[in-house]
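Okay, here's what each chain looks like letter by letter:
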Amino acid sequence: MKIFWIGLGFFLILLVVAVFGITASKERQNAAFPVEISMAVLSIVYIGLMTGFNLLFDFLIRTDLLLFGRIHMLAFLVYAALTGGLFVFRSRVFQRERFRDGRAYEKQILICEFEAVRDCLAGWRTEAKKEVLPLMDSLLDDLRFSEPAGSADVSDMDDRLRGIARMLLAEAENLAEIRSENLSGIEDGIRRAKKVIRDRDRQIRLISHLI
């Protein structure tokens, strides 16, 4: 009978720990890695095994409290190690996902900056815009359909593209102000931007193969 009450005590402790772990995992849930589901499954398996062990030990052995306590302690340590491993793994997945989201956000900012250049060009009152707008549309398509950065760090390429976008916007605003049809600066900027995008794609593919 004494074994039964000690086992019940262990059961209540592990039940509290399991509920706490599941609650904590739900507060930090993430679609990419639903750790709360893994925690729930692990906790249910652990509780089921230890409940069966308590009943078996109470019926068959009954007297060796030291062995009973050691087995419970060992099982709890295994449970704690697996739980900790789940949280560590989930943290790494979350960090990688957050990095990818950041890279996707920066790409969207780049697209917006080049779209601002296109809007400025579209507002020209000269025939020259008919020549430059298709080039600008081609550049935007190249950027929209470029390789997703994923885990690759291409911030240097993004900075270069951002600099070209700002240069193009300044050039477009200046040409609109003086009503000039000299497109050499705009065309050169578009060519340089398209080259950077190609280099960016190659770098991303290379890093992806190495990871």
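Bear in mind the structure is a predicted one, so any value in this text is a computation, not a measurement.

Criteria and thresholds
- Residues numbered from 1 in each chain as written.
- Predicted model: local features only at pLDDT ≥ 70, side-chain atom pairs only at ≥ 80, totals over all residues.
- Heavy atoms only, no water.
- Helix = DSSP H or I, 4+ residues; strand = E, 2+ residues; numbered from the N terminus.
- Buried < 20%, exposed > 50% of the residue type's maximum accessible area, 1.4 Å probe, protein only.
- Areas by Shrake-Rupley, 256 points an atom, 1.4 Å probe, with all protein chains shown as cover.
- Core = buried A, V, L, I, M, F, W, Y, C linked by side-chain atoms within 4.5 Å.
- Contact = heavy atoms within 4.5 Å.
- Salt bridge = Lys/Arg side-chain N within 4 Å of Asp/Glu carboxyl O.

Student: Can you walk me through the overall build of the protein chain in this structure?
Tutor: Counting its regular elements, the protein chain contains six helices and zero strands. Across the 211 residues in the protein chain, those meeting the buried criterion constitute 34%. Total accessible area on the protein chain is roughly 12,900 Å²; 63% of this is exposed by carbon and sulfur atoms.

Student: Just checking my understanding: could you explain the nonpolar core for this structure?
Tutor: In a soluble, globular protein the nonpolar side chains are often hidden away together inside. Of all hydrophobic cores here, the largest spans 29 residues; its most connected members are F114, L121, W124, L161 and I186. Only helix 3 (65-122), helix 4 (129-144), helix 5 (155-178) and helix 6 (184-210) provide two or more residues apiece to this core. Broken down by element, the residue count for this core peaks at seven residues, all from helix 5. Once residues lying within four places of it in the same chain are set aside, the contact partners of F114 are M136, L139, L140, L143, L161, I164, A165, L168 and A193. In terms of nonpolar packing, the next biggest core, distinct from the first, is built from nine residues, L42, F53, F68 and L86 among them.

Student: Whenever I open this one, the pattern of salt bridges confuses me. Can you help?
Tutor: Evaluated as defined, the whole model comprises 11 salt bridges. For E115, the salt bridge identified is with R144, shortest N-O distance 2.9 Å. Pair noted here: E115 is in helix 3 and R144 is in helix 4, with a separation of 29 residues, a long-range link. In this structure E115 comes out as partly exposed when scored by relative accessible area, which is 28%.

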